[in-house]
Every structure is written in structure tokens, then in C-alpha cells.
Amino acid sequence: ESAAVAAPSQPEVAAGSAASAVVLPERLQRREAERQQGVERQRQKKEAQVVKEEQSEFFLAAFAREREAVEALLAAGTLEEAAARLQALQKLLTGSVRFLAPYEVRQGQETVARLQGDLAARRQQLQPKKKFAFRALKKEAAPGSAPRPAEPAPPDPAAPDPGPGLAEGESGGPPLCGFSGAQDAELELGPAELLQRDVLLSELRGCRVRLRGNPNTLRVRDCSGCTVLCGPVSTSVLVDGCSDCLLALACQQLRTHRTRDCRVYVQVTSRAVIEACSEVSFAPYSWSYPGIERDFESSGLDRNSNNWNLVDDFDWLATDRPSPNWSLIPERERITCWD
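Calculation criteria
- Residues numbered from 1 in each chain as written.
- Predicted model: local features only at pLDDT ≥ 70, side-chain atom pairs only at ≥ 80, totals over all residues.
- Heavy atoms only, no water.
- UniProt positions renumbered as here; feature names shortened; annotations may be inferred.
- Salt bridge = Lys/Arg side-chain N within 4 Å of Asp/Glu carboxyl O.
- Helix = DSSP H or I, 4+ residues; strand = E, 2+ residues; numbered from the N terminus.
- Buried < 20%, exposed > 50% of the residue type's maximum accessible area, 1.4 Å probe, protein only.
- Pairing = 2+ DSSP bridges.
- Axes fitted to C-alpha atoms, helices over the stretch in contact; angles between N-to-C directions.
- Contact = heavy atoms within 4.5 Å.
- pLDDT = per-residue confidence, 0-100.

You'll find the chain entered in an unreviewed UniProt entry as Tubulin-specific chaperone C, with Agelaius phoeniceus given as the organism. Turning to the chain, the UniProt annotation filed under Subcellular location (unreviewed entry) states: "Cytoplasm". The heading Sequence similarities (unreviewed entry) in the UniProt record of the chain holds the text "Belongs to the TBCC family."

Right under this line is the structure:
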């Protein structure tokens, strides 16, 4: 009697077998579906990689052709055409950064910076301009603290190579304008002084610098405790060896090197690059002044193209974790009034 109670009836056994028969195919179907999804993901990834490699190969070939063309024009002294081809080369690099490897972007940026320096040197060689002086706006600056304008020296074809010790991106020739060695001063340059010139700010301490106009390039080197406000720069900006600075910059290309504890308000058409940096924070460019729209038109920068929050850290290779060397300035902490 007890055995009869414990044993399942034939209908129950049949029902259990039917349920197992239903569950098993469902599990198999799920596994098969997951397998197919995995295969499709791998196929798409492989296709994307192939496309990326093809795009990279096309870019490298086109970039090499344009670079050679610019070099030939510079050698021939056809400077205006060289400048136009160089700008096209910069736009080619800017439009290709999304599919290039970081080292390819870096090499391209270094090549463009070198050519920009060569162009500036050839302009200085073939079309020398009169020297001019700049003045500090702060009349009560202490003796010895007045800025030393970085003026061009007459080119010397027989001069030896500049040798080591140049900051990255510098051409080796003197910059056309700028300030050097000032302390606790108010410094300013206007549109006529800046138009398509190369600008160097170096070894400034506690200064406030306003550059209202459209420079060709800007280098900010070995400055501390400074505020640098700059109008649209046609090509590149290099910030090197700076600390505790506030910068407002608009440019095609931004490179920040050996810099710490700086806030950068930037409009940049390519991806900003940092190297050997720490505690650098970014926000969108918000400085303005009368005539800035005209300077943007002169610079050729697209106001609608701004990658202020896309930063490549050459010292941080992990793709699954953000770099600890840079951050975004929270919106509530961003400067809205600069005067």
C-alpha cells in the first residue's frame, strides 16, 4: 500500500517527461541565440577594424603627399600657397582623429607643428618686418619686473643649428611677439599686433595676460600663477611646464605638456592632448570681447566644432578606466564673468 502511494502515476510521469522535453529545447534555443549574437558581434568588430585600418592607410598616404607638397612650397619660397596647403593638412588631421591610433595623431600633430615653425621661419627670412615694442599696462610694476617683449631678431643664414633645449613644437627661431619674465603685471596685445603672428609667453609669474586678436600659434611656457585669455588661434597651442594657471584658449590643436594644477577653458576642433600632466581640468571656452566674432572668421575656426571634453592622455593607456590626470570642471564651478 505504501509503495502504491509513493510511486507516481503514469499520467504524472508522462507530464514530467513532456515538461522536460519543452524546457530542453528552450535552453538550447537560448544558447544558440547567444552564440549567434556573439558571432555577429565578432563579425561586426572585425569589419569595423578592417574599415578603420583602411581609413588609417588612406589618411597616412594623403597626409604624406600633402606634407611633401608643403615642404616643396616652403623650399621654393611660395609661402602663401604653402600656408594654404598647411591649413588643409591640419584640417585633414583634425577630421581623421576619430579613427587614428593615438601615436598616429601624435605624429601628425608634431609634423604640423614642425611645418608651422618652418613656415614662420621662412616668412621671417623672406619677408622681414620692422621691430616693434609692447608695453605693460600696469604702470606701477616694480623695477625689473617689466615684461621683455619677445621680438624677432634679424635672420642669420650662417647661424648654427639651435641645438637641444627647445620646447616641444618650437621651430628654433625667435617668436614674432609675446612677453617674457614679467611678474605681477597686466599684459595685453591687440588685433593689429597679433594678426597671424606666432606668440610666446614665457617665465611669467602672477600675471594676467589678455590677447585680443587672432594669432597663428601660441606657446605658453614655464608660467605659474597666471591668467591667460586668448582670442582664436588659427592653428596650434602648446602649454608647457606651467602650474596653477587659468587659461582660455580657442584653437585647432591643443597640446599640454609637463603641466599641473591648471584650469583650461577651451574650444578645440581636434582632440586635446596632455602628456606628463596632473590635475588639469577642462571646460568650454567662454571668454569674449568686442570683435571676437571677426577674429573667429579670420582664424578659420568653426565655432560649431568643439571637442573641449575629449582629451587624449599619452601617459594613460587603459581604455576601461578614465585617466586620473585630467577632469571636467563641474558646470556650477565654471567661470561665466571674466572681468
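Enquirer: Got a minute to help me understand the pattern of salt bridges in this structure?
Expert: If charged atoms from side chains of opposite charge come close, those side chains can pair. Here the structure, examined in full by the defined rule, presents 14 salt bridges. A salt bridge links Asp222 to Arg258; the shortest N-O distance between them is 3.7 Å. Residue Asp222 is found in the loop between strand S5 (217-221) and strand S6 (227-232), and its partner Arg258 is found in the loop between strand S9 (253-257) and strand S10 (260-268); the two are separated by 36 residues along the sequence. Here Asp222 falls in the partly exposed class, since its relative accessible area comes to 26%. Between Arg321 and Asp320 there is a salt bridge, with its nearest N and O atoms 3.9 Å apart. Each member of the pair, Arg321 as well as Asp320, carries the same accessibility label: exposed. Linked through salt bridges whose partners overlap, the residues forming this network are Arg67, Glu68, Glu71, Arg114 and Asp118.

Enquirer: Can you walk me through the sheet that holds strand S7 (residues 236-240) in this structure?
Expert: Here we have 7 strands laid out as an open sheet, ordered S1-S3-S5-S7-S9-S11-S13, and parallel in their pairing. Both outer strands of the open sheet, strand S1 (177-180) and strand S13 (311-313), are each paired with one neighbouring strand and no more. With direction set aside, neighbouring strand axes in the sheet form an average angle of 10 degrees. Here strand S11 (residues 272-275) pairs with S13 via 3 bridges, running parallel. Bridged to Val273 within S13 is Asp312. Each of strand S3 (198-202), S5, S7, S9 and S11 touches helix H4 (residues 102-126); the most contacted strand, S9, lies at about 100 degrees to it.

Enquirer: Mind showing me how you'd approach the confidence of the model for the chain here?
Expert: Should pLDDT be low for a region, the predicted coordinates there are not to be read in detail. Per-chain confidence: the chain averages 79 in pLDDT, with 76% of residues scoring 70 or above. Contacts of residues 1-5 to residues separated by more than four positions or lying in other chains number 0 contacts, the stretch itself having pLDDT below 50. Note on residues 150-175: pLDDT is under 50 here. Beyond four places in sequence and across chains, it has 40 contacts.

Enquirer: Hey, could you run me through the sheet that holds strand S14 (residues 326-328) in this one?
Expert: Overall, parallel pairing links the 7 strands, which are arranged S2-S4-S6-S8-S10-S12-S14 in an open sheet. Of all strands in the sheet, those bounded by a partner on one side alone are strand S2 (186-189) and S14. Ignoring strand direction, the axes of neighbouring strands in this sheet form an average angle of 20 degrees. Summarising the sheet, S2 and strand S4 (residues 208-211) pair through 4 bridges and their orientation is parallel. Bridge assignment links Glu188 to a residue of S4, and that residue is Arg210.

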